[in-house]
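Structural description and commentary
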Amino acid sequence: MKVGLFVPCYIDQFYPSVAIATLQLLEKFGCEVVFPLGQTCCGQPMANSGFANLATGCDNNFVKNFVGVDFIVSPSGSCVLHVKEHLKHPDKEKAQFIREHIYELTEFLIDVLQVETLPATFPHKVGLHVSCHGQRGLNLSSMSELVAPEFSKPEKLLSMVAGLELTKPKRVDECCGFGGTFCVFEEAVSVKMGKDRIIEHEANEIEYITGADTSCLMHLEGILKRKGSMVQTIHIAEILNSDLVPFKAERS
Amino acid sequence: MSDLDQNHINTMTKKAVAHAAAAEAFIGDEERTDWHDETLWFVRHKRDLAVNQLPEWEQLREQASRIKDHTLSNLDKYLMEFEKNALTNGVQVHWAVDAQAHNDIILDLIKKNGVDRVVKSKSMLTEECHLNPFLLKQGVEVVDTDLGERIVQFRDEPPSHIVLPAIHLKKQDVSETFHQHLGTEKGNNDPQYLTEAARQHLRNKFVESQLAITGVNFAVAETGGFVVCTNEGNADMGAHAAAVHIACMGIEKIIPKAEHLGVFLRLLARSATGQPVTTYSSHFHRPRAGQQMHIVIVDNGRTRQLGRPDFRNSLKCIRCAACFNTCPVYRRSGGHSYHTAVAGPIGAILNPNLDMKANADLPFASTLCGSCTNVCPVKIDIHQQLWKWRQVLAEEGFVDPSKKIGMKGMAFVLAHPDLYRFAGKMGRWVMRAVPGLVNNKLNLWFKQRDMPAAPKQSFRDWYLDKNKHSLKK
Amino acid sequence: MPGRETILNAARKNKPAFIEAPPAWAEGASIAPEQLTQKFIKTLESIGGKVIQCNDYDPIRAKLQEQLATGRFIANTIQGLGATSTEVQTNSNAQSLEPVEMAFIAGTLAVAENGAVWVYESQLLNRLLPFICQHLVLVVSRETLVSTMHAAYRKLDIAAEGYGVFIAGPSKTADIEQSLVIGAHGARSLLVYLVGGTEI
Ligand code: SF4
C-alpha cells in the first residue's frame, strides 16, 4: 500500500516531530510511505478568508504531487477536510480520486489499517481536545449536539496506549478558537475561547493536551506558554508512536 | 418627542462597529463574559437534555427540513393559498415588499383606528424593520410586552438575542432600570420581585390597549391561520384585549398543513430553551366578534435570498436561537457585537443579504466549527453558508483590500514549491535570529500567545537528511 | 395591491425547482398507552403545573364551591360543574375580566409528551380568560390523552373555531438572568384535573 504523506506547511516548518511520528507510525504498520517533495499547502488559509478562487495554483500543485499513491494521509484534520471539500482540478478524475482517498491519520489507522493494538506506552495524564473540522467535518467522533451513538476514533487509539490516563474537558467538544485566519482577525474572541478550553483541561490536573489537529494545539500551546503553564501540548501521532521515538527528542 | 425617544432613535441608527472590535470591547469585562458564556451554555445544555429524550430527534429534524425545502420550492402557491383562506376567515391581508412598506402599513392601520399607543409582543421581523423608532418618530408609543424586550426598551438598547432579548444584562442592571422607570426598590435584585413589578406595570398597558401587534411563528396555508408561541402569555394578553390585532410575518413563515405543526412545535421549544413545548401555542384563525385582525406579509429581501441557491435554505429558519446558544463566538461576544436585529450564526448568513457592505464582517465572526449546523432543528448548513458568504464578499470587493493583497502573495508562494521552501527557511531563520520582528504588538498572534518554537530543521530537511542516499539519483 | 404581485412574482421567479413534500410523519418511538398518564403528569409537573386525577367531577365541584365561598371573582365556563359565570361573555372586555382570581375551563385533549392541553375558543367563552385570570384550572378527560403532538393534530381541527390554544403549565419567564419566574403575564398557576378511568 503506497501512502503519500501530506505535511501541511506549518507542521513542516514548526512541528517536524509530528510529521516524523506520523511517518514512522505508518511505516510501522507496513505502509510504503512517500513524501512528495514539491508539496506546499492545501490552500485553506486563502479559502477560509474568502479567496478560494486564488487557490488554483495551490490545487494544481497538490494534484501534481499526489497522483499515483493509493492513499494520502495527513496529521491535520482541518487540511484534510479542506482538500476533501474544495480541491478542484481540470483533470476531474484525478481530483476526485484524491478527494476520496485523503485521510486524517487517526481515521486512516482505524478505518483503513483497522488497527486494534498498538505497542505504545505513554504513562501520563492526558486531556483530549476534539478538533471541530476532524469531528464535525470528517466524522472522527460523535458530536454532542446530535442524538446518535457515541464513538471516537482518536479515543479508541489512545485507549490502546499503555499507561495513558485520558480525561475530557467539561464541554467535551467545544471549539478552541483557532479557526484559521480567525485567530488573528478575531484575536480577542479566539484567545478567550482558547483560555476557556485550557481552564477546563487544567481542572482535570493533566500533564498534556493532545488532539488530531496541530493547528488547534499550536494555538493552545501559545496560550499555555504565555501564561507559564506546566501543561504541554502533544499531537496524537507522537503519543501513538511514543515507544519508537523518545518523546519530543526531535523537537528542539 | 422626549429625550428618551430621541435617544432611542439615535441608538437604533448609530453607525455600527465591526464585530471583532465590538467583541474585544465585550471581552474587556472578562468576568461578565464568563457569566454570559456560562448562562447561554446552560441553555444549550438544557436543550441537549430535552432532545436526548426523543430517540426520533434526528428524523424529526430531517422531516422539518424537508417540509421547509418543499415549501420554499412552492412558496408563491402556498402564499396565495394562505391569503385566500385567511380572507375567507375574515382576516385582512397586507403585503409589504420591504421594511418601509411594512412600517407604512402598520402606521396607516394605527392612524385609521385613531390610536396613539400600541402593545407589541416579540417579533424579530418588526426589529428587522426598525418599526419602533419609526413609530416613535410618528408620535406613536410602542410598549414592548415581552419582559426581556421591555427591559431593553427602557434602556434604549436593541435586543441581544432573539429568544432571550436581555440576556446581556445582569439582575443588578435590570433592578436599576426598573428603579428608574417603574419605581421599584433600589437595590432589590430579586428576579421574582422585578418580574412581579413588570407584570403589574404591563397589565395596565394590556387593559388600556386598543391595538396589539404580534409576530407569527407559523402560518398554515391550508387553513389560513397562524400560530404564535410564547411562555409569558403576552402575545395573547395583547391580541385578545385589543380591538385591533396586527400580526406581522415574513414570507418564509408559511407551512403547508396543520399536521406539520406537530413536527415544528416538537422541535421549536426543545431547541430554544429545552422546554417540551412553549407554555402557550396559540392558533389564530378568525377575529373574535367585533375585532379586526390583520396580517402583514413581508418580503424585505427574502425573495432575493430565495434566488441565491447557496443561501436560500437560510429561509428555513424558525428562530429558535439554538445556534446562538451553542455558538462559542456568540457566547463570548454578545448579541450587540453583531450590530443587526438578528445576531448569532443565523444573523451572520441572513444579514449580508440585506446589506453586504454593512454586514461584510459577520460571516468572518466564526471559526466554522459547525456546532450551529448540528443543533439547527431545520438542518440549515449554517457554517457552510458562512464559508460561502466569505467567497461572495471577497468576490464583490467587500473584504479589506490589504487582506486581498496578502492572500494573493500567499497564493503565489504556495503555488511555487521553491519559493515556498525559501520563504519557510527564511521565516524560521528570522524567528530564531530576530524574534523581535515577529514578537511585537503588530503581530496579533503574539499579543496574547507565544509563537511556536522554530526548529532548526523543517520536516522536509529532516527527511532529505535521512534519505540522503536513497534519494540520490 | 402592487406589493402582492411584486412579492409573488419574485417568489415564482426565484424559487428552486419543485421538491416533493415528505410523507406524513409516521409515529414511531411514541409513548406506550399504559404510560401516557404518568408521562403527562411527570412532564406537566416538570414545567410548573399540577395534576389531580379523579374518577368524576365531584372533587372539582368541591374545589369550585370552595373557591366561590371566598367571595372573589371565580369564573366557571364548564356546565358540568354547575352554573357558568354570567360575568364572562364572549365580548367581555379586559377591564371586566382583570379581577378574575381563578378560572375553570374544560380542555379537549391532553398531550403526554409535553404536558399540553388543547382548549377551543368555545370552551373558553372568552379568549382572554385563561391568560388574564390569576390561577387557571383545566379539566380534561383521561381518555383524551395522546402521546405526541402528531397524534394531537390528527385529532384536532385547528380551524374549526376562530381560536384555539395549547396550554402547558403556568405563565413563566426567565428573561432576568435565566432565573425561572412563574407568573409573567398570564396565570400564576395551572392545575389540571385528569378525569375518568382508574387512577394509576
Ligand atoms: S438557524 Fe436553525 S438553529 Fe439558528 S435560529 Fe434558525 S432554526 Fe434555530
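Residues numbered from 1 in each chain as written. Chains lettered and ligands numbered in written order. Predicted model: local features only at pLDDT ≥ 70, side-chain atom pairs only at ≥ 80, totals over all residues. Heavy atoms only, no water.

1. Thoughts on the overall build of chain A
A tally of regular secondary structure across chain A gives 13 helices and eight strands. A compact globule built from 252 residues should have a C-alpha radius of gyration of about 18 Å, and chain A, at 17 Å, falls within 12% of that. Projected onto the principal axes, the alpha-carbon positions of chain A cover approximately 50 × 45 × 40 Å. Out of the 252 residues in chain A, the part that is buried amounts to 65%. (Helix = DSSP H or I, 4+ residues; strand = E, 2+ residues; numbered from the N terminus. Rg over C-alpha atoms; globule rule 2.2 N^0.38 Å. Buried < 20%, exposed > 50% of the residue type's maximum accessible area, 1.4 Å probe, protein only.)

2. Topic: the interface of chain C and chain B
With 73 residues of chain C in contact, the opposing surface of chain B contributes 97 residues. Summing both partners gives a buried area of about 6,900 Å² for chain C against chain B, and 61% of it is carried by carbon and sulfur. A per-residue breakdown of the area chain C buries against chain B is headed by C:Ile176, C:Glu177 and C:His185, which together make up 12% of the total. Our count for the contact surface shared by chain C and chain B stands at seven salt bridges. Across the pair B:Asp76 and C:Arg12 runs a salt bridge whose closest N-O atoms are separated by 3.1 Å. There are 43 residue pairs in polar contact (both at pLDDT 80 or more) connecting chain C and chain B. (Contact = heavy atoms within 4.5 Å. Buried area = accessible area lost by both parts, 1.4 Å probe. Salt bridge = Lys/Arg side-chain N within 4 Å of Asp/Glu carboxyl O. Polar contact = N/O pair within 3.5 Å; in protein donor to acceptor, adjacent residues only side chain to side chain.)

3. Quick word on the pattern of salt bridges
When the charged atoms of two side chains lie near each other, side chains of opposite charge can form a pair. Residue and element names in this part refer to chain A. Tallying each qualifying case throughout the model produces 54 salt bridges over all chains. The residue glutamate 200 makes a salt bridge to arginine 171 at a minimum N-O spacing of 3.6 Å. In this pair, glutamate 200 is assigned in helix α11 (residues 187-202) and arginine 171 in the loop between β6 (165-167) and α10 (182-185), connecting sequence segments 29 residues apart. Here glutamate 200 matches arginine 171 in class, with each residue buried. A salt bridge links glutamate 200 to arginine 197; the nearest nitrogen and oxygen atoms lie 2.8 Å apart.

4. Quick notes on the side chain of C:Glu121
Looking at the element boundaries, C:Glu121 is found in helix α5 (residues 121-124). Note on C:Glu121: relative accessible area 14%, which makes it buried.

5. Concerning the arrangement of the chains
There are two pairs of chains in contact here; the most contacts are made by chains B and C. The closest approach of any C-alpha atom in chain A to one in chain C is 14 Å; the two make no contact.

6. Quick look at the interface of chain B and chain A
In this assembly, 78 residues from chain B lie in contact with 74 residues from chain A. On the surface where chain B and chain A come into contact, there are eleven salt bridges. Here B:Asp34 makes a salt bridge to A:Lys192, at a shortest N to O gap of 2.6 Å. Put simply, chain B and chain A have 34 residue pairs in polar contact (both at pLDDT 80 or more) between them. The greatest single-element share of the side of chain B that touches chain A, amounting to ten residues, is contributed by helix α3 (residues 30-51) of chain B. Here the residues of the side of chain B that touches chain A are counted per class, giving 38 nonpolar, 15 polar and 25 charged. (Nonpolar A, V, L, I, M, F, W, Y, C, P; charged D, E, K, R; others polar.)

7. Quick word on helix α13 (residues 259-272) of chain B
The buried count for α13(B) comes to 13 of 14 residues, which makes it a mostly enclosed element. Directly beyond the C-terminal end of α13(B), a positive phi value near 85 degrees is found at B:Gly274.

8. Observations concerning the site of the ligand
If you check the shell around the ligand, you find B:Cys317, B:Ile318, B:Arg319, B:Cys320, B:Ala321, B:Cys323, B:Ile346, B:Cys376, B:Pro377, B:Val378, B:Ile380 and B:Ile382 and nothing else. Class assignment for the residues of the shell around the ligand results in eleven nonpolar, no polar and one charged. (Near = heavy atom within 4 Å.)

9. Regarding the domain arrangement of chain A
Residue and element names in this part refer to chain A. Its domain assignment divides chain A into domain 1 (2-112) and domain 2 (125-240). Facing 26 residues of domain 1, the contacting portion of domain 2 comprises 20 residues. Counting the surface lost from both domain 1 and domain 2, the interface buries some 2,000 Å², and carbon and sulfur atoms represent 67% of this. Contact with domain 2 buries area across many residues of domain 1, yet Tyr15, Thr106 and Ile110 alone supply 26% of it, more than any other trio. The salt bridge partner of lysine 153 is aspartate 111, with a shortest N-O separation of 2.7 Å. Applying the counting rule to domain 1 against domain 2 returns ten residue pairs in polar contact (both at pLDDT 80 or more). Split into classes, the residues belonging to the side of domain 1 that touches domain 2 amount to 13 nonpolar, eight polar and five charged. (Domains from an automatic or database assignment.)

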